Every structure is written in C-alpha cells, then in structure tokens.
Amino acid sequence: MIKLVSASKRLLQAPIASQCICFNASRLIKSSRQLLNSVSCLHTNVHCNSIQCGKIQIQASQRPFPLWCSSSSQSATANDASDTTGSFSQEICSYKLCMLDIPGALAEDLGDLLLAEGATSISVEEYRPDNAPEEKIFANDPSSEGLKRVWERCSVVSYFPPDFNNADAVVVAAAAALGLSTSDFCRTLEEVRAQDWEAAIKESYQPVRVADGLWIVPTWCDAAKLQDNSWSKEKNVNLILEPGLAFGTGDHPTTRLCLKWLQALHIKTNMTTSSTNNTNNNSTIRVMDYGTGSGVLAVAALLLGATTAIGTDVEHLAVRSAAQNAALNNVNDRFTALQCGADLNAPEPMEAQGYPVEERLAAFQIVVANILRGPLVELAPRLAQYAAPGAVLGLSGILETQAPEVIEAYGFWFEDFEVKTEESWALVTGRRKK
C-alpha cells in the first residue's frame, strides 16, 4: 500500500507500463463494505498453485468452483481451512479475477462491464508474456495526443466481494458483450486472504543498497536476523527511514540517482573547503531540498557531512514525515522541514517563516529538487535564488527526454550541466555561475 501511495507522486510522468489505470473511480466505492474489501486487497497474500490458459488451480476454498478451476485444488483446501478456523488473518476478504491477453481497445469497456457485475475495483495493466519487452507508453507523450493511451494487449484485473460465486457467468457474459469467446483469452481466479498488513509491509521493505557504503534501512531491520547484513558494517552510511506516505524510500530510480550524486560530492572532504560558501565560516555546507518528501535527500546530505538542511514540501504529512526521519537519524537539530505552496504564486516558504534575507538568498551550497518536470521548470527562479555562487544543483523526477527542457530553464543561472540516467529517468546537475 505504501509503495502505491508513494508512487502516485510520479503518476503524471511515469511510464504507464509501470502503473495501473483505474477507470470510473466514482463507481469503485459503493459502500463501506466494498471499500474494506477493495482496500484490504493491498494487504493480502494470495494462495495459488498454478495457472494455465483458461484453467486455474486454487488453494483454500470450500465454495462452488467455476468450470475452469481444477478439482485437484478443491481437495487441497479442507485441511488448510480447518487449520485456520476462527482466524481473521485467514478469512477470504476478496476474489481477484484476472482476464489476460485482452485487446487494448476493449479493456476499458470490459472494466465497465465487470463493475456492472459487482466488481469493487478495476485496474488495467499491460499483458506481457515472459521475456517480452515492455511496451512503454508515457502519460505526457505529445506524439500520443488525442489517442487512447493503452497497451496493445492488456490484463483487466478486478476484485469482487467475498460472497462472489458466479465467476463462470461473469466471464462468459462480459466476453460475449464484447464479441469475445472465452477461448480468446486467459483468465485466473484467486482467493485473497486477509493477513497482518503491517507485517507484510515490513517484509517487503528490506535494506536497500544505493551505492557502495550507502544504504537505506527501514527502522525495524535487525542485522542479526537478516541473511544479508552487509549494510550493518560500521563504515557504511545507513539512512534510517520509517516508510510512510511521503515519496522517497529509495526504490525509485530518481531517488537513487540523487543519493548517488550526493555521495559523489564528497561533502566532508571536498565541499567544506570549496569556494562555494558565501559566509565567513568556510566549513558551512547548507542544503536546500525542495520537495523533500520523506526527507531522504536532506537527511542523507547531513549524514554525508552537510552542516544544516532545509526541506520543503506541499504536503503537511510529508513535512511531518521528513522531520520524523531526521530524528531517527539524530540530525533533527540540523534539519528544518517547512510547508510550501505548489508554485511561484505561493509565498516563499523561508520568508513566510521569518528567515532573514541572508539566510535565504544565495545561502545554500547544495540545492536539490526531486519533483516533476512542470514544477522544476516553473520554480527555476526560486531555486536559483537559493544557490550561492558556485553552488551545486541536482534536479530529478524527470524522464531522460525532458532533460533538455530543464537545462534550458536553468541555463541563465547555472552552467556545467551533466545528465545521468537510470532506466528512463534522469538527473540533471549543474553549478551556479559565479
């Protein structure tokens, strides 16, 4: 669930192939019961033995099976059920029906039909056989303007309430309405069982190696209990995070690009004696992290040797999350999180909090922003005014194809631009003109 919420910040610029497209949002929640069923799907384990085209083997159910489910799975469920009688963690909370290899042009209509049949939620994903290349479609690709942005072949994933027992009829009716035969596509049905979602999330978040000697470590990790505890070596810089609603857990390429860049600056050894500083104390390295999210970049900079850092974000929860993560890393006395507006029409956040001019203008030796192309371009004058002469700049949250536009927006104030990439994402770096 956290990963899904965190990733929403990138929705407008991420390849659609890395997302799900949800249709008819207003129809997804019909009652509080359906809401519970829909949301609980994010916190569950699915028990499924094997899937074949048009046939599925299911574990752990005693209800009537569709004709396309094998009988061998039915006999395997009685013991499982008897072992967990009365346990909430094993109750069926939803049924997940997947219709695979559907023509993209029919995917949205199929979703509407399934909603009409009682589905609590629908999503459309790319159907990609094993080893097939990803069909990349970008949400803001000008070449696709006016066209329906959907893959050639899709998977339509639907969730139904726990009393769902007519999968056969639903599949046949939906397919027939669109002129499809049930032999034209594959389908699967899975039971979704409730479990301790907090434990599941903790299991999914493990220490992330960003670069040699730099790790992101969730708060609950115990080196003694993990097979790979190389992150716990004393020489490493370990950034402790409480994964939450704010973007920035280290699993997105833009976060990794920024962290590697910060590490490569060698703040402790190189920057503290550089001429970028505009104060009398040449060991002062101040960081502006605009759009701080979880605070991951600002906190990392502090752990790597920066003196102080300011983090800003439009979301109140992100501001609070960043402050909490700073405290987890014992740098809260050197970090300040401020809420800001979404564009230049909003007050400059430091001025609004009463910071004097000398602490705001040309006052930072590192300026970093991992947000989106649009805000990066619009905020160029503001980010430029933060940077001291010779200060370094890091801009990310953009696709590689968007880097030239970002460089052009900052070219009046900065020079020595470089572009680093990971997958289809980019980091633009530069230096403030002196």
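Residues numbered from 1 in each chain as written. Predicted model: local features only at pLDDT ≥ 70, side-chain atom pairs only at ≥ 80, totals over all residues. Heavy atoms only, no water.

**Q** Before we go on, may I ask you to explain the overall build of the protein in this structure?
**A** Per the secondary structure count, the protein includes 14 helices and 18 strands. Considering only contacts in the protein between residues 6 or more positions apart, those separated by 24 or more positions represent 72%. (Helix = DSSP H or I, 4+ residues; strand = E, 2+ residues; numbered from the N terminus. Contact = heavy atoms within 4.5 Å.)

**Q** Looking at this model, I keep getting lost on the nonpolar core. Mind explaining?
**A** Leu259, Trp261, Leu262, Leu265, Ile267, Phe335 and Ile366 are the most contacted members of the largest nonpolar core, which totals 35 residues. Mapped onto this core, the elements with two or more residues apiece are strand S10 (214-218), strand S11 (237-241), helix H8 (253-264), helix H9 (296-303), helix H10 (316-328), strand S14 (335-339) and strand S15 (364-370). Aside from chain neighbours lying at most four places away, what touches Leu259 is Val210, Leu214, Ile216, Val296, Leu297 and Ala300. The next biggest cluster of nonpolar side chains, apart from the first, holds 31 residues, and it includes Leu379, Leu393, Ala409 and Trp413. (Core = buried A, V, L, I, M, F, W, Y, C linked by side-chain atoms within 4.5 Å. Buried < 20%, exposed > 50% of the residue type's maximum accessible area, 1.4 Å probe, protein only.)

**Q** What am I meant to see in the sheet that holds S14 here?
**A** Consider a sheet: its strands pair through backbone hydrogen bonds, and that pairing is either parallel or antiparallel. One open sheet accounts for 7 strands, arranged S14-S13-S12-S15-S16-S18-S17; its pairing is mixed. Two strands lie at the open edges of the sheet, namely S14 and strand S17 (414-422), each paired on one side alone. Direction aside, the axes of adjacent strands within the sheet are offset by 15° on average. Bridge analysis of strand S13 (residues 308-313) against S14 gives 5 bridges, and the strand direction is parallel. Among the inter-strand pairings, Ile310 is bridged to a residue of S14, identified as Thr336. (Pairing = 2+ DSSP bridges. Axes fitted to C-alpha atoms, helices over the stretch in contact; angles between N-to-C directions.)

**Q** Help me understand the sheet that holds strand S9 (residues 208-211), please; the structure alone is not making it clear to me.
**A** One open sheet holds the 3 strands; their spatial order is S9-S10-S11, and the pairing between them is mixed. Edge positions in the sheet fall to S9 and S11, since each has one partner strand and no second. On average, adjacent strands in this sheet sit at an angle of 25° to one another, irrespective of strand direction. Sheet topology note: the S9/S10 ladder contains 3 bridges and is antiparallel. Of the residues in S10, the one forming a bridge with Ala211 is Leu214. Contacts from H8 reach S9 and S10, with the element oriented near 50° to S9. Packed onto the sheet, H9 meets S10 and S11 and runs at close to 145° relative to S11.

**Q** What is the right way to look at empty space enclosed by the protein in this model?
**A** One water molecule sets the probe size; rolling that probe over the atoms shows where empty space is left. Per the counting criterion, the structure on display carries 2 cavities of 30 Å³ or more. In this structure, the second largest cavity spans a volume of roughly 40 Å³. Contributing to the lining of the second largest cavity are Tyr205, Gln206, Val208, Ile216, Pro218, Leu241, Pro243 and Thr249. Here the lining of the second largest cavity is composed, by residue class, of 6 nonpolar, 2 polar and no charged. (1 Å grid on protein atoms, 1.4 Å probe; cavity = no way out; pocket = protein on both sides within 12 Å on 5 of 7 lines; lining within 4 Å. Points joined across faces, edges and corners; volume = space filled by probe spheres on them. Nonpolar A, V, L, I, M, F, W, Y, C, P; charged D, E, K, R; others polar.)

**Q** Please explain helix H5 (residues 104-116) as it appears in this structure.
**A** Note on helix geometry: an α-helix contains 3.6 residues per turn, so any two residues three or four positions apart are oriented the same way. For H5, the set of buried residues is Gly104, Ala107, Leu110, Gly111, Leu114 and Leu115. Looking at the buried residues of H5, the elements they touch are strand S5 (92-103), strand S6 (121-126), strand S7 (153-160) and helix H6 (167-177). Looking at the residues trailing H5, positive phi occurs at Gly118, about 110°.

**Q** Before we go on, may I ask you to explain unusual backbone geometry in this structure?
**A** For residues that are not glycine, phi is negative in most cases, and the peptide bond is trans in most cases. Backbone geometry at Asn131 places phi at a positive 70°, although glycine is not the residue there. In this structure, Asn131 sits in the loop between S6 and S7. The class of Asn131 is exposed, set by a relative accessible area of 83%. Even without glycine at this site, Glu423 takes up a positive phi of about 55°. A relative accessible area of 61% means that Glu423 is categorised as exposed.

**Q** Would you take a moment to explain the pattern of salt bridges for this structure?
**A** Side chains that differ in charge, positive against negative, can pair when their charged atoms come close. Considering all chains together, one arrives at 8 salt bridges under this definition. We note a salt bridge from Glu126 to Arg128, for which the minimum N-O separation is 3.3 Å. What emerges from the salt-bridge pattern is a single network uniting Arg256, Lys260 and Glu422. (Salt bridge = Lys/Arg side-chain N within 4 Å of Asp/Glu carboxyl O.)

**Q** Looking at this structure, I do not really get the packing of aromatic side chains. What am I missing?
**A** The geometry of two aromatic rings is summed up by the distance between their centres and the angle between their planes. Overall, the coordinates contain 6 aromatic pairs when judged by the stated rule. Each ring, one from Tyr410 and one from Phe414, has its centre 6.1 Å from the other, and the planes form 55°; the classification is tilted. For the pair Tyr410 and Phe414, one class covers both residues: buried. Geometrically, the ring pair formed by Phe412 and Trp413 is edge-to-face, given 5.4 Å between the ring centres and 85° between the ring planes. Judged by its relative accessible area of 65%, Phe412 is exposed. (Phe/Tyr/Trp six-rings, centres within 6.5 Å; stacked < 30°, edge-to-face > 60°.)

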